[in-house]
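So the chains spell out like this:
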Amino acid sequence: MTSKKVEEKTNLSKETVEKTEKVKKRTRAEIMRELKREASKIDVEVMNLTNGSFIYENGYDSIRMNEPGETAIVGLDLLLKMKNSPTMRKLFLSVVDVYSEEYELEDVLNILDLTRIYGDKILTLDCLDKMLEDGSVDDFAETLKNESPELARRLCQRAIYLAHLNKFDSMGKRSVVEREFNNAFIFKSN
């Protein structure tokens, strides 16, 4: 039995429909204006990065989180009120997610002036713990030098807290933290 290859060429008509849609790229200034205008309609998820409870009250606005790592959903308008407070700058709270189809986390970090502090990370307690646990002592020391001072300080505070819970046992990394704070007794408990 012989088989014969049959090539079948189908000539499909190619119709190209060109839709000219002008997608206007918004400038940073336009995005900032829009975010300020729509702030009350945009929900943002924040996380407690402290080692205990976090409470913020300002008039009728409040945020309460009882545990480290706990999250809450707040309006962007509240975060804009908190923009210049130590709460945001000292990383007591971390912006974790934005619930909006039009705006991204990066846009919210820009309007809150936090991009320099966050770098390219989404700061969560898991992220901080991973930065503490992974890598060598030299990598950890380099991380503390290269990150923003606020993030480096929060990392050191997290290391001290975990050491008191017996969950951070790297003696080399402990000495790096002691040098960073210039305090040889920082890990000693009373």
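Residues numbered from 1 in each chain as written. Predicted model: local features only at pLDDT ≥ 70, side-chain atom pairs only at ≥ 80, totals over all residues. Heavy atoms only, no water.

Asker: I tried to follow the overall build of the protein chain on my own but got confused; where do I start?
Answerer: From N to C terminus, the protein chain includes nine helices and five strands. For the protein chain, the succession of helices and strands along the chain, N to C, is α-β-β-β-β-α-α-β-α-α-α-α-α-α. Sequence separation of at least 24 residues holds for 64% of the intrachain contacts in the protein chain that already meet a minimum separation of 6. Accessible surface for the protein chain amounts to roughly 13000 Å². Of this, 46% is attributable to carbon and sulfur atoms. (Helix = DSSP H or I, 4+ residues; strand = E, 2+ residues; numbered from the N terminus. Contact = heavy atoms within 4.5 Å. Areas by Shrake-Rupley, 256 points an atom, 1.4 Å probe, with all protein chains shown as cover.)

Asker: Would you mind showing me how to read helix 6 (residues 125-133) here?
Answerer: An α-helix turns once per 3.6 residues; consequently, residues spaced three or four apart project the same way. For helix 6, the complete set of buried residues consists of Leu 125, Cys 127, Leu 128, Asp 129, Met 131 and Leu 132. Where helix 6 is buried, its residues meet strand 1 (43-48), helix 7 (137-146), helix 8 (149-164) and helix 9 (171-181). Remark: Gly 135 follows helix 6 within two positions and exhibits a positive phi of approximately 85 degrees. (Buried < 20%, exposed > 50% of the residue type's maximum accessible area, 1.4 Å probe, protein only.)

Asker: Hey, could you run me through the nonpolar core in this one?
Answerer: If you look at soluble globular proteins, the nonpolar side chains tend to sit buried side by side. Among the nonpolar cores identified, the biggest contains 56 residues, and Val 46, Ile 63, Leu 76, Leu 79 and Val 95 are the most heavily contacted of them. Tallying contributions element by element places helix 8 first for this core, with eight residues. Leave out the neighbours within four places in its chain, and Leu 76 touches Leu 35, Ala 39, Ile 42, Val 44, Val 108 and Ile 111. (Core = buried A, V, L, I, M, F, W, Y, C linked by side-chain atoms within 4.5 Å.)

Asker: Please clarify how the sheet that holds strand 1 should be interpreted in this entry.
Answerer: The strands that make up a sheet are held in pairs by hydrogen bonds between backbone atoms, and each pair lies either parallel or antiparallel. Taken in spatial order, the three strands make up an open sheet running 4-1-5, and their pairing is antiparallel. Of all the strands in the sheet, the pair left with one neighbour each is strand 4 (71-75) and strand 5 (93-99). Each neighbouring strand pair of the sheet contributes to a mean axis angle of 30 degrees, computed without reference to strand direction. Across five bridges, the pairing between strand 1 and strand 4 is antiparallel. Within strand 4, the position partnered with Glu 45 by the bridge is Ile 73. (Pairing = 2+ DSSP bridges. Axes fitted to C-alpha atoms, helices over the stretch in contact; angles between N-to-C directions.)

Asker: Please explain the pairing of strand 5 as it appears in this structure.
Answerer: Here is the key point about a regular strand: its side chains alternate between the two faces of the sheet. Where burial is concerned, most of strand 5 is hidden: five out of the seven residues are buried. Here six bridges tie strand 1 to strand 5, and the two strands are oriented antiparallel to one another. When the sheet's bridge partners are listed, Asp 43 is paired in strand 5 with Tyr 99.

Taken by themselves, the reported measurements are silent on function.
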